[in-house]
Each structure stands twice: as structure tokens, then as C-alpha cells.
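Residues per chain are reported as follows:
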Amino acid sequence: MNPIMECRQIAKNYGKSQAVRNATTVFEEGAVHGLLGANGAGKTTLLHIISGLIYPSQGQVLYDGQPLHDNPSVAPNICLVKSDERSWADYKVKDLINYCSLLLPAWDEKLAAELLQKFRLPGNKKYKQLSRGMQSMVGIVKGLASRAPLTLFDEPTLGLDADMRETFYELMIADCGERQRTMILSTHLIDESANLFQYITLLEQGVVTSHMDKDEFVEQAHYLQGDTSLLQGLASDPRVLHEESLVGTTVLVWYGELENRDDLERQGIKIGPVPLQKLFVYLTRKGNSNSEEYNNGNFS
Amino acid sequence: METSRKMLRFHWLDNFKPLAYFWSILLLVDIAQVVVMRYFPEITNSSNSFLFSANYGAIAIYLLVCGILMATNSFPLLMSFGIPRQKFYLNLIGTSALLCAAMALMQNIVVYGGYQVTTLLGVTVEDSIPAFFPLWYSQFTFYLFDMFLFTLLGTVFYRFGTLPGLIMIAVFVLVLNLSPGDLDFAENFELTAPGWSGWTVSHLFLGMAAILIGIGWLLYRRAPVRTY
């Protein structure tokens with residue numbers, strides 16, 4: 001797949017702290033990307049940079065090979081749905097939808113009307129008077145009906161009930177399938193949105209630590225469960241993300257190539273897949289402990 | 001061009017209601033003033049020698065609020081709809097100029113209409129009123145300066161936070177205190193508009209507005225949209 005967007009060594013500083021550090025990655029066209037990271041990892045900052053709302057302190061972002069910032073021809077192709085749109089607070093839902101229809105070049109009036117009805121959004125209420133879930137729904141209507149070639153969703157399902165979240169996922173899959181749109185989704189609900197993603201981009205403390213095909217990403221992780229005496233030797237390997245032991249049985253989470261898979265299975269060790277959410281948790285914890293070691297001067 | 005037209009429509013939709021309320025209140029007050037002058041002349045301010053003089057100040061205040069809102073509200077709102085900064089700023093200049101021109105024109109119409117009505121009713125506030133264009137031009141240039149000055153103030157608040165914004169207000173107050181004469185809008189517009197000094201002052205306001213537009217662009221060019 002061709003990259004629609006490319007980030008080249010971008011960084012964003014806020015005073016002395018760095019929200020994004022040397023981030024280099026690409027986002028493939030016509031795919032749904034999961035942008036994953038713990039709280040404060042820099043997901044929102046990265047989304048704001050690649051939508052053009054803020055400038056990076058260093059580096060460059062390219063959209064379809066053209067520089068994104070200072071390029072008026074690129075901006076209409078990107079639609080960012082923020083988790084909290086403060087500037088919408090004093091506007092009625094119907095006014096916001098009118099503005100979307102007026103200002104977003106590929107706005108789909110029919111889809112917007114369908115979604116408003118499906119989500120039962122009250123047109124006469126101000127955005128700030130809506131519940132958290134309904135505010136998210138207004139954002140979803142904007143994102144989906146914008147028909148923007150690149151749509152970015154920052155925590156789009158905040159406050160939504162399970163039924164509405166499922167509706168959003170279904171609409172998103174259908175739209176991407178029909179129109180070859182590229183979507184980047186930042187979410188903490190990894191398990192339920194895992195099936196949407198074709199690519200995963202992992203951010204840890206402002207650094208893009210992985211960007212790869214989701215299946216390939218998940219296939220690299222394995223649960224190894226077996227007798228503690230058999231797994232003890234592997235526990236110190238840097239590819240082990242997590243270790244749990246209980247009365248003679250040990251479970252290791254292994255991330256990377258498993259060269260001696262057949263040998264291990266022959267020895268009675270059970271090898272199984274790791275769900276995406278769990279993998280994310282283990283990778284984040286490992287990243288945190290590495291950075292603590294680094295900060296304490298124990299990093300080698 | 002298409003985007004500019006759409007943004008202009010956005011500003012029209014966004015500002016129509018407040019503008020309609022503002023002028024409705026102003027016209028009601030003006031009508032009440034004429035009624036009072038005609039039927040209760042003893043309670044009117046006899047020292048006031050200009051017709052509807054309060055309108056000038058009210059318009060200037062309305063426009064300065066508009067300037068602040070353009071910087072602090074319209075900017076993030078339009079950015080959220082994918083409008084590039086350059087187009088936003090060019091449109092801000094165009095919309096502000098149109099709004100100031102329209103406000104000056106409307107006030108001219110009110111003054112001219114009011115003059116005819118009061119003359120018919122036999123109430124004399126001023127013997128004559130300035131020529132239409134100089135009166136419009138002197139207002140227009142001042143409103144433009146006023147609006148961009150406060151757009152700049154709004155931008156400083158939005159981009160750099162409360163303290164730099166407050167410092168800028170302090171500078172405004174200082175300059176205002178140091179400047180000679182008082183800020184009597186009616187006197188400034190109506191007495192000086194037709195004369196040479198009026199044109200000079202108006203051109204000066206236009207020049208200062210152009211400088212403010214330039215400074216504003218330097219601040220907007222890479223302005224981040226607040227993420228909190």
C-alpha cells in the first residue's frame with residue numbers, strides 16, 4: 001500500500017518537556033490505523049501535528065508527498081475529530097452541522113442526516129449541553145460525513161455506550177471498504193476495536209516504537225506456559241515482556257521470533273496468541289521499566 | 001475563491017443574529033431619544049450637540065468585541081473545519097473590512113435619516129451634518145483600526161496566555177492616557193471629518209490598521225490551535 005502520510009523525525013516541545021520525540025513513521029493509504037499508547041504517550045499531540053493544527057518543533061510531515069504545513073491545498077483533505085472540541089461549546093448541533101456542510105469540501109449531507117437520526121442527536125441543543133457520549137457522536141458525524149480522504153479520530157468513543165460504539169465501528173468499516181478512506185484512530189478500548197485495525201502504530205513516551213501490520217504485530221507475541229524449571233532459562237531473555245509464576249507453573253509473554261518453537265512444544269510448553277490489548281499493556285509496562293532503568297542509570 | 005465565499009457565508013451566519021440584536025437595540029434607543037427630544041425636551045441633555053452620538057461609541061465597542069472573538073473563537077472553530085491559516089487570515093481581513101464599512105454606512109444612514117426626521121419634527125440638535133462620504137470614511141478607518149487592535153489583543157491572549165494579554169491591555173491604557181484630547185467619537189468624526197485634519201487622521205488610522213494586520217499575520221502564520 002502507498003503511504004498517504006509520512007512523518008519525518010518530528011518532535012514537539014512544550015517548554016522543557018517533549019511530547020513527541022523524533023517520530024518517524026508512515027500511514028498507508030486506504031487502511032484503518034490504530035494509534036496506541038498509554039496516557040501521555042503523545043497520541044493527541046501527534047494527531048494535532050499531522051492534522052496541521054499545530055506545528056512540530058522539528059521535522060516534517062508529508063501528505064501524499066507534499067508538505068502538510070503551510071500548504072493550503074492539503075488541509076481540506078484531512079479531517080480531525082478531537083475528543084473535546086472546546087470551540088464548538090456555544091454552538092447548537094444544527095449550526096455545527098450547517099458549518100460542516102458549508103466548509104468541508106466533500107461533506108455527505110445524506111449520510112450526516114442518517115447519522116443524526118441514528119444517534120438521535122437534538123439539533124437545538126448546544127454542544128456544551130450535550131452529554132459526553134452525545135458530544136462524541138457529533139464528532140463521529142463530522143468525521144464520517146466529511147468523507148475526507150484522511151480522517152483522524154482522537155478517542156471517538158468516549159462516553160458512548162456499547163451499542164453506539166458497535167454502530168460506530170460498523171459504519172467505519174463499511175465506509176472504509178466502500179470508499180478507500182484512510183482513518184487513524186486513537187483509542188484506549190483496544191480489545192473491541194482491534195478487529196478494525198489493519199496497521200498498528202505504537203507510541204511510548206513520545207517515541208514511535210512500532211509501526212506494522214496488525215496481524216504481523218500480534219503474531220510476534222506468544223504466551224509460553226509450562227513448567228517453571230523449563231521456562232526459567234528463557235525468563236532473562238530481553239524478548240520476555242512479562243513473567244508470572246504460580247505453584248511450579250510459569251507463564252511468559254514473549255515478543256519476537258520464536259526460533260525453537262518445535263523444541264518448546266515437544267517439551268510440553270503450551271504456546272498461544274496474546275490478545276492485542278494485553279500485548280499493548282505488556283509492551284507499555286516494559287517500556288516504562290526500561291525508561292525507569294534508563295533514568296536510574298542502569299540501562300546498558 | 002470558493003473557500004473564501006463559503007467562509008464569508010460562515011461569518012454571515014455566525015454574526016447575523018448578534019448584529020440584528022445590536023442594531024435593533026440601537027435603533028430602539030435612537031427612536032426613544034427622538035421621542036424624548038420631541039415630547040420631553042426638559043429631560044434631554046442640552047449640552048449634547050450631536051445626533052445619536054452614543055451610537056459611535058457603541059459601534060466601536062461592538063467591533064472591538066468582534067475583533068477579540070475573531071481571534072479567540074473563530075480561529076479555532078474554522079481550523080476545526082480544516083481551513084488553512086492563510087485563507088483564514090485573508091478572510092478575517094476581508095470580513096472585518098466589510099463589517100466596518102457596513103457599520104459606518106449604517107450609522108451614516110441613521111444619522112442622515114434621523115436628521116431628516118428631527119428636522120421634520122422641529123427638533124434641532126445640530127444645524128448641519130457633515131458630507132456623507134467623509135463621515136463614512138472617518139468612521140470606517142477608525143473602526144478598522146479599533147477592530148484590528150483588539151483582534152491583535154485577542155490573538156496575544158489566545159497564543160501567549162493571560163499575562164502577555166494583560167500586559168498588552170496595560171500598554172493600551174498607557175497609550176490612551178498619554179494621547180492628547182479625549183475620546184469623543186462624535187466630535188472626532190463629525191467635526192473633523194470634512195476638514196484636512198480629518199482626512200489626515202483617517203489615513204493615519206488606515207495606515208495603523210495595515211501595520212496591525214501585518215503584525216497579526218506574523219502571530220497567526222504558525223499559531224497553534226489550543227489542544228486543551
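Residues numbered from 1 in each chain as written. Chains lettered and ligands numbered in written order. Predicted model: local features only at pLDDT ≥ 70, side-chain atom pairs only at ≥ 80, totals over all residues.

Colleague: Tell me about the overall build of chain B, and name the residues and values.
Modeller: In terms of helices and strands, chain B carries seven helices and zero strands. Expressed as a percentage of its 228 residues, the buried residues of chain B come to 35%. Put simply, 87% of the contacts in chain B that link residues at least 6 apart link residues at least 24 apart. (Helix = DSSP H or I, 4+ residues; strand = E, 2+ residues; numbered from the N terminus. Buried ≥ 20, exposed ≤ 12 C-beta atoms within 10 Å, placed from the backbone. Contact = placed C-beta atoms within 7 Å.)

Colleague: Can you explain the overall build of chain A? Please cite residues and give values.
Modeller: A count of helices and strands for chain A gives ten helices and 14 strands. In terms of its C-alpha atoms, chain A occupies a principal-axis envelope of roughly 65 × 40 × 35 Å. Each of the 300 residues in chain A was classed as buried or not, and the buried ones make up 40%. Look at the contacts in chain A between residues 6 or more apart in sequence, and 69% of them connect residues 24 or more apart.

Colleague: Help me get a handle on the sheet that holds strand β14 (residues 270-273) of chain A, residues and values and all.
Modeller: Residues and elements named next belong to chain A. Read across the sheet, four strands follow the order β12-β13-β11-β14 without closing on themselves; strand pairing throughout is antiparallel. Here the strands that pair on one side only, and so sit at the sheet edges, are β12 (240-246) and β14. Sheet twist, expressed as the average angle between the axes of neighbouring strands with direction ignored, equals 20°. (Pairing = 2+ DSSP bridges. Axes fitted to C-alpha atoms, helices over the stretch in contact; angles between N-to-C directions.)

Colleague: Run through the packing of helix α2 (residues 53-79) of chain B against helix α4 (residues 132-160) of chain B, naming residues and quoting values.
Modeller: Helix packing for two helices is described by the angle between their axes and how far apart those axes are. Residues and elements named next belong to chain B. Across the interface, α2 lies against α4 with an axial gap of 7 Å and an inter-helix angle of 35°. Crossing of α2 against α4: the hand is right-handed. Two secondary-structure elements touch here, α2 through I59, A60, L63, L64, C66, G67, I68, M70, A71, T72 and F75 and α4 through Y143, D146, M147, F148, F150, T151, L153, G154, T155, F157 and Y158. Tallied by class, the residues present in the contact of α2 with α4 amount to 16 nonpolar, five polar and one charged. (Left-handed = near helix turned anticlockwise from the far one by under 90°. Nonpolar A, V, L, I, M, F, W, Y, C, P; charged D, E, K, R; others polar.)

Colleague: Just give me the short version of the domain arrangement of chain A, but keep the residues and values in it.
Modeller: Residues and elements named next belong to chain A. You can read the domains of chain A as domain 1 (3-214) and domain 2 (220-290). The centre of domain 1, based on its C-alpha atoms, is set 34 Å off from the matching centre of domain 2. Sorting the residues of the side of domain 1 that touches domain 2 by element identifies α6 (190-193) and β9 (199-204) as the ones contributing at least two each. Along the lines of polarity and charge, the residues of the side of domain 1 that touches domain 2 split into five nonpolar, two polar and two charged. (Domains from an automatic or database assignment.)

Colleague: Hey, could you go over helix α5 (residues 162-178) of chain B for me, with residue numbers and the actual values?
Modeller: Its 17 residues give α5(B) an end-to-end C-alpha distance of 24 Å, which sits within 8% of 24 Å, the value for a rise of 1.5 Å per residue. Little of α5(B) is tucked away, with zero of its 17 residues classed as buried. (Expected span 1.5 Å × (residues − 1).)

Colleague: Can you explain the interface of chain A and chain B? Please cite residues and give values.
Modeller: Contacts between the two partners involve 18 residues from chain A, matched on the other side by 19 residues from chain B. It is helix α2 (residues 93-103) of chain A that provides the largest number of residues to the side of chain A that touches chain B, a total of five residues. Looking at side-chain class alone, the side of chain A that touches chain B contains 13 nonpolar, four polar and one charged residues.

Colleague: Could you give me a rundown of the sheet that holds strand β4 (residues 58-63) of chain A, with the residues and numbers involved?
Modeller: Residue and element names in this part refer to chain A. Strand order in the open sheet formed by four strands is β2-β1-β4-β5, and the pairing between neighbours is antiparallel. Unpaired on one side and paired on the other, β2 (17-28) and β5 (66-67) mark the two borders of the sheet. Bridging between strand β1 (residues 3-14) and β4 involves five bridges; their strand directions are antiparallel. From the neighbouring strand, A11 faces β4, where its bridge partner is Q58.

Colleague: Got a sec to walk through the packing of helix α3 (residues 85-121) of chain B against α4(B)? Specific residues and values, please.
Modeller: Residues and elements named next belong to chain B. The interhelical angle for the contact between α3 and α4, taken along N-to-C directions, is 140°, at an axis separation of 8 Å. As far as their axial angle goes, α4 and α3 are oblique. The interaxial crossing formed by α3 with α4 has right-handed handedness. Residues S96, A97, C100, A101, M103, A104, L105, Q107, N108 and Y112 of α3 form the contact with α4, whose own contacting residues are F132, L135, W136, Q139, F140, Y143, L144, M147 and F148. Taken together, the residues of the contact of α3 with α4 break down into 15 nonpolar, four polar and no charged. (Parallel < 35°, antiparallel > 145°, perpendicular 65-115°, else oblique.)

Colleague: I'd like a description of the pairing of β1(A), backed by residues and values.
Modeller: Residue and element names in this part refer to chain A. Here eight bridges tie β1 to β2, and the two strands are oriented antiparallel to one another. Looking at the pairing, I10 lines up with A23 of β2. Connecting the antiparallel pair β1 and β2 is a turn made up of two residues, with G15 showing a positive phi of about 65°.

Colleague: Give a description of helix α1 (residues 43-50) of chain A that names residues and reports values.
Modeller: All names here are of chain A. For α1, a buried count of eight out of eight residues is recorded, marking the element as mostly surrounded by other parts of the structure. K43, T44, T45, L46, L47, H48, I49 and I50 are the residues of α1 that are buried. Just past α1, the residue G52 takes up positive phi, approximately 90°.

Colleague: How would you summarise the environment of V173(B) if you had to cite specific residues and measurements?
Modeller: All names here are of chain B. Mapped onto the elements, V173 comes out in helix α5. What makes V173 exposed here is the crowd of 10 C-beta atoms within 10 Å. Sequence-wise, V173 and S24 are 149 residues apart; in three dimensions their C-alpha atoms are separated by 31 Å.

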